[in-house]
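Close look at the chain arrangement
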Amino acid sequence: MTNLENELRAAIRTIKDYPKPGILFRDITTLLGAPRAFRRAIDELVHPYAGLRVSKIAGIEARGFILGGAMAHQLSAGFVPIRKKGKLPHDTVRVAYSLEYGVDEMEMHRDAIAPGESVILVDDLIATGGTAEGAVKLLRQMGADIVAACFVIDLPDLGGRKKLEDLGVQVRTLISYEGH
Ligand code: AMP
């Protein structure tokens, strides 16, 4: 394991049985609160894209906003929020996406991204990939060129990374945890 992986792992807190029994919740608030680990995580997420012209970072509510804001600053890119339905004030595009049990909808402002703009998608964690898949659909509906989807944490046993790769999206993650 690299030094960075060790530092990130030490900074992420795991909470058993949250929000319901059987879930191991990977809590990144402790990572966000650790100045050095937070900076290193952001530096590592953006470094492959530093020389590219990335136009926008699209962050998934809510933890993707915090990571995405920092990434946007670092890459001199704009930031676009992807939110749960009903939260954005202007004209939106909306997609349904699958959750562990059932479906929900997410939205983005219709004028947030112009066709052909290069976009990096970000969230804290990818599990089944249902959430990120919904975001990819929204971005593609707007004609975005998705450079990559970035996550601090991968839960590879749940298959989300593969789901995105099968959609032709390049996936970047920093650490992975076995199981769910
Ligand atoms: P999925 O759509 O299954 O890939 O789930 C990813 C979304 O749910 C992300 O927005 C995560 O923040 C959240 N999530 C799913 N599983 C966990 C977990 N074990 N710990 C923390 N967040 C999770």
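This is a predicted model, so every value here is computed, not measured.

1. A short note on the site of the ligand
- Taken together, 14 residues form the shell around the ligand, and within it Asp123, Asp124, Thr128, Gly129 and Thr131 come nearest.
- Within the side chain of aspartate 123, one N or O atom sits 2.7 Å away from an oxygen atom of the ligand.
- The separation between an oxygen atom of the ligand and a polar side-chain atom of threonine 128 is 2.5 Å.
- In isolation the ligand exposes 480 Å². Once the protein is present, 82% of that is buried.
- With 4 residues, strand β7 (residues 118-126) is the single largest residue contributor to the shell around the ligand.

2. Overview of the pattern of salt bridges
- Enumeration according to the criterion identifies 16 salt bridges in this entry.
- Put simply, arginine 40 and glutamate 7 hold a salt bridge, and the shortest N to O gap is 2.5 Å. Residue arginine 40 is found in helix α3 (residues 35-46), and its partner glutamate 7 is found in helix α1 (residues 3-11); the two are separated by 33 residues along the sequence.
- Among the salt bridges present, the one from glutamate 61 reaches arginine 83, with a minimum N-O distance of 3.0 Å. With glutamate 61 in the loop between β3 (56-60) and α4 (63-75) and arginine 83 in strand β4 (residues 78-84), this residue pair connects regions lying 22 residues apart in the sequence.

3. Comments concerning the side chain of glutamate 107
- For glutamate 107, the location among the structural elements is in strand β6 (residues 103-109).
- Separated by 3.1 Å, the side chains of glutamate 107 and threonine 92 make a polar contact.
- A polar atom in the side chain of glutamate 107 sits 2.8 Å from the side chain of arginine 94.
- If we ignore the near neighbours within four places in the chain, the residues touching glutamate 107 are Pro81, Ile82, Arg83, Lys84, Lys85, Gly86, Lys87, Leu88, Thr92, Val93, Arg94 and Leu138.

4. Overview of unusual backbone geometry
- Look at the link from tyrosine 18 to proline 19: it is a cis peptide, with omega at 0°.
- Here proline 19 lies in the loop between β1 (13-16) and β2 (24-27).
- A positive phi angle is found at aspartate 17, which is not glycine, with a value near 60°.
- In this structure, aspartate 17 sits in the loop between β1 and β2.
- At serine 76, a residue that is not glycine, the phi angle is positive and equals roughly 50°.
- By secondary structure assignment, the location of serine 76 is in the loop between α4 and β4.

5. Examining α3
- Here α3 is 12 residues long and its end C-alpha atoms lie 17 Å apart, about the 16 Å a rise of 1.5 Å per residue gives.
- Here α3 has its buried residues at Ala37, Ala41, Ile42, Leu45 and Val46. Looking straight down α3, one finds its buried side chains confined to an arc of 155°; they lie on one side. The exposed set on the far side of α3, more than 90 degrees from its buried face, consists of Pro35, Arg36 and Arg39.
- Along its buried surface, α3 packs onto α1, α2 (29-32), α4, β8 (145-154) and β9 (171-176).

Calculation notes
Per chain, residues are indexed from 1 in the order of the written sequence. Local features are withheld for residues below a pLDDT of 70 in this predicted model, meaning they are given only at 70 or higher, and side-chain atom pairs are given and counted only at 80 or more; totals for whole chains, interfaces and linings count all residues. Side-chain figures throughout are based on the complete set of non-hydrogen atoms in the structure, without hydrogens or water. Definition of nearness: a residue and a molecule or strand are near each other if at least one heavy atom of the residue lies within 4 Å of the molecule or strand. A 3.5 Å cut-off defines polar contacts: any pair of N or O atoms within that distance qualifies, except that in protein one atom must be a possible hydrogen donor and the other a possible acceptor, and neighbouring residues in sequence count only when both atoms are side-chain atoms. Reported accessibility uses the Shrake-Rupley method at a 1.4 Å probe radius. Residues are deemed covered only where the shown protein chains occlude them. Only DSSP runs of H or I covering at least 4 residues are called helices, and only runs of E covering at least 2 are called strands; the numbering of each starts at the N terminus. Within this document, salt bridges are pairs made up of a side-chain nitrogen of Lys or Arg and a carboxyl oxygen of Asp or Glu, the two lying within 4 Å of each other. Two residues form a contact once any of their heavy atoms are found within 4.5 Å. To estimate how far a helix should extend, the number of its residues minus one is multiplied by 1.5 Å. Burial here depends on accessible area, computed with a 1.4 Å probe over protein chains only, as a share of the maximum for the residue type. Under 20% is buried, over 50% is exposed, and the range in between is partly exposed. The directions considered for the arc are those from the helix axis to the C-beta atoms.

Taken by themselves, the reported measurements are silent on function.
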